Amino acid sequence: MTLSRRMMLATATALALAPVAALAQDSIKIGEINHYKRLAAFAEPYKLGIELAVEEVNADGGVLGKPLEFIFRDDQGDPAEAIKIAEELMTREGTVMLTGTILSHVGLALSSFAAEKGYLYLAAEPLADSLVWASGNPQTFRLRASTWVQAAMLAEEAAKTDAIRYATIAPNYAYGQDAVAAFKENLTRLKPEVEFVAEQWPALFKIDAGAEVQALERAKPDAIYNVTFGTDLAKLVRDGGDRGLFEGRNVYGLLTGEPEYLDPLGDEAPEGWFVTGYPWYALEEGTPGKEFVDAYMETTGETPKIGSLVGYMTVQSIAAAIEKAGATDTASLIAAFEGLEIEDTPIGKLSYREIDNQSTMGAYVGTLAVQDGKGVMVDWSYKDPAPYMPTDEEIQAMRPAE
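Source: prediction; values computed, not measured.

## Quick notes on the overall build of the protein chain
Check the secondary structure of the protein chain and you find 13 helices and 14 strands. Its C-alpha atoms give the protein chain a radius of gyration of 21 Å, within 12% of the compact-globule value 21 Å for 402 residues. For the C-alpha atoms alone, the extent of the protein chain along its principal axes is close to 70 × 50 × 35 Å. For the protein chain, the residues scored as buried account for 56% of the 402 residues in total. For the protein chain, the share of sequence-separated contacts (at least 6 apart) that also reach a separation of at least 24 residues comes to 69%. Element-wise, carbon and sulfur atoms account for 49% of the exposed surface of the protein chain, whose accessible area totals about 15900 Å². Here the protein chain contributes 33 positive and 61 negative side-chain charges, whose respective centroids are spaced 4 Å apart.

## Quick word on the nonpolar core
In this structure, Tyr225 and Phe337 are the most contacted members of the largest nonpolar core, which totals 126 residues. Among the elements that make up this core, the one with the highest residue count is helix H11 (residues 306-325) (ten residues). Setting aside its immediate chain neighbours within four residues, Tyr225 contacts Ala151, Leu154, Ala167, Thr168, Ile169, Ala179, Val180, Phe183, Tyr252 and Leu254.

## Side note on the packing of helix H7 (residues 209-218) against helix H8 (residues 230-242)
Here H7 crosses H8 at 55°, and the two axes come no closer than 9 Å. Considering the angle they form, H7 stands oblique to H8. The two elements H7 and H8 meet at a crossing, and its hand is right-handed. Residues Ala209, Gly210 and Val213 of H7 pack against Lys235, Leu236, Asp239 and Gly240 of H8. Its residues assigned to classes, the contact of H7 with H8 shows three nonpolar, two polar and two charged.

## Describing the sheet that holds strand E2 (residues 68-74)
Sheet strands associate in pairs through backbone hydrogen bonding, adopting either a parallel or an antiparallel arrangement. Taken in spatial order, the five strands of this open sheet run E2-E1-E3-E4-E5, and their pairing is parallel. Strands at the two margins of the open sheet, each flanked by one partner only, are E2 and strand E5 (140-142). With strand direction ignored, the average angle separating the axes of adjacent strands in the sheet is 25°. Pairing of strand E4 (residues 121-123) with E5, which is carried by three bridges, proceeds in the parallel orientation. Residue pairing for E5: Tyr121 is matched across the bridge by Thr140. Most of the contacts of helix H4 (residues 104-117) go to E4, to which it runs at about 160°, and overall it touches strand E1 (28-34), E4 and E5.

## Thoughts on the pairing of E1
When you tally the buried positions in E1, you get six out of seven residues, the bulk of the element. Where E1 lies against E2, seven bridges are found, and the strand directions are parallel. Across the sheet, residue Ile28 finds its bridge partner in E2, namely Leu68. Where E1 lies against strand E3 (residues 98-100), three bridges are found, and the strand directions are parallel. Looking at E3, one finds that Gly31 is bridged to Leu98.

## Looking at the confidence of the model for the protein chain
On average, residues of the protein chain score 93 in pLDDT, and 94% of them are at 70 or above. Confidence over residues 1-24 falls short of pLDDT 50; this stretch has 25 contacts with residues more than four positions distant or in other chains.

## Some details on the packing of helix H2 (residues 40-59) against helix H10 (residues 288-300)
Between H2 and H10, the least distance of the axes is 11 Å, while the angle of their chain directions is 100°. Regarding the angle of H2 to H10, the classification is roughly perpendicular. Of the residues in H10, those touching H2 at Pro45, Leu48, Gly49, Leu52 and Glu55 are Phe292, Ala295, Tyr296, Thr299 and Thr300. Considered class by class, the residues forming the contact of H2 with H10 number six nonpolar, three polar and one charged.

## Concerning unusual backbone geometry
One non-glycine residue, Leu64, lies in positive phi territory at about 55°. If you trace the backbone, Leu64 turns up in the loop between H2 and E2. Phi at Asp372 is positive, roughly 55°, even though this residue is not glycine. You can see Asp372 is positioned in the loop between strand E13 (363-371) and strand E14 (374-383). Asp372 gets classed as exposed once you look at its relative accessible area, which sits at 81%.

## Re the side chain of Asn186
Note that Asn186 resides in helix H6 (residues 174-190). Asn186 sits in the buried class, given a relative accessible area of 2%. At a separation of 2.8 Å, a polar atom in the side chain of Asn186 contacts the main-chain carbonyl oxygen of Ala182. When near neighbours in sequence (up to four residues on either side) are disregarded, Asn186 contacts Trp148, Ala152 and Ala155.

Rules and cut-offs
Residues numbered from 1 in each chain as written. Predicted model: local features only at pLDDT ≥ 70, side-chain atom pairs only at ≥ 80, totals over all residues. Heavy atoms only, no water. Helix = DSSP H or I, 4+ residues; strand = E, 2+ residues; numbered from the N terminus. Rg over C-alpha atoms; globule rule 2.2 N^0.38 Å. Buried < 20%, exposed > 50% of the residue type's maximum accessible area, 1.4 Å probe, protein only. Contact = heavy atoms within 4.5 Å. Areas by Shrake-Rupley, 256 points an atom, 1.4 Å probe, with all protein chains shown as cover. Lys, Arg positive; Asp, Glu negative; His and termini not counted. Charge placed at Lys NZ, Arg CZ, Asp CG, Glu CD. Core = buried A, V, L, I, M, F, W, Y, C linked by side-chain atoms within 4.5 Å. Axes fitted to C-alpha atoms, helices over the stretch in contact; angles between N-to-C directions. Parallel < 35°, antiparallel > 145°, perpendicular 65-115°, else oblique. Left-handed = near helix turned anticlockwise from the far one by under 90°. Nonpolar A, V, L, I, M, F, W, Y, C, P; charged D, E, K, R; others polar. Pairing = 2+ DSSP bridges. pLDDT = per-residue confidence, 0-100. Polar contact = N/O pair within 3.5 Å; in protein donor to acceptor, adjacent residues only side chain to side chain.

So this is what it looks like as structure tokens:
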């Protein structure tokens, strides 16, 4: 069933099904943990994407004859708080699994906790690759395109240029560290003569942009690799633009093209940066991606963000796994997620690799431009992750023995 058809069905049957819902069997509950207060720009669209997909699933009869229900909790950006909430969700609320978290250090804590307690955790958003590699475990699956893959896509573009001297700037926590390591390794493999002449590590959401810009300028790099996002990105773009840091230099920005972080920049969006992102505004009519955009905008009255897309596909993944399992116990759900395939996502077919529990979600890459006073991605393409992944042998060597 298409997204448009599902939306019409959901709207037409909502009131009619209300009495039935009251008499229906207990719902299948999913525990969703995220940083809704501090990172509302990402987390709220993510929640809206979840709610849209849940509405569609339940309008189609739910899963295993029961309605699907998400219970949302805020982790306050604190791993200890997230673990406390996770335990309450599983033991008191009766959730069958956990999902969510945008911050990688929180996601890593939940992953470790899930392994310890035998819970299933779908890391919908965190980007640290250690979630599925160095710290991977059978209980943890990850939806977002890996940091390694996105960094490799940027490195591939960087290797085509004459730039030799590179500087990097990234938030000093698990995701930022993984992102810099992945870019350096991929670029060095493609172009062994490159040098990394500066690495800046501002604390997450505490960047002193003036000092960072000065440090980067002193290194005299030919090109810059940026991993900052949110308010840190906005400050870096503003100070760097004022001081001419980006003039005459290629800049590669991980996540910079995502609407959550690009839209707030307005006409200050840094033109010419090569980035990963989500050009929802340019998707072709008649494609699953455009159908999702139309349904989301009709339902929410807002334009979609990458979080919207991830939230929607989180529900699609969970519903498909439950249907495949035919049950909601953890062992059955884990077995169902291994090699799970979902045909009709907004990006096309999606699956979860058995070797590392990583999804096959790819990434959009392109160049930033300013159009009508706002930043957009141009000359973009959607890239499949497979050519950028480490070999199976390399992944097996990275993952802990099970």
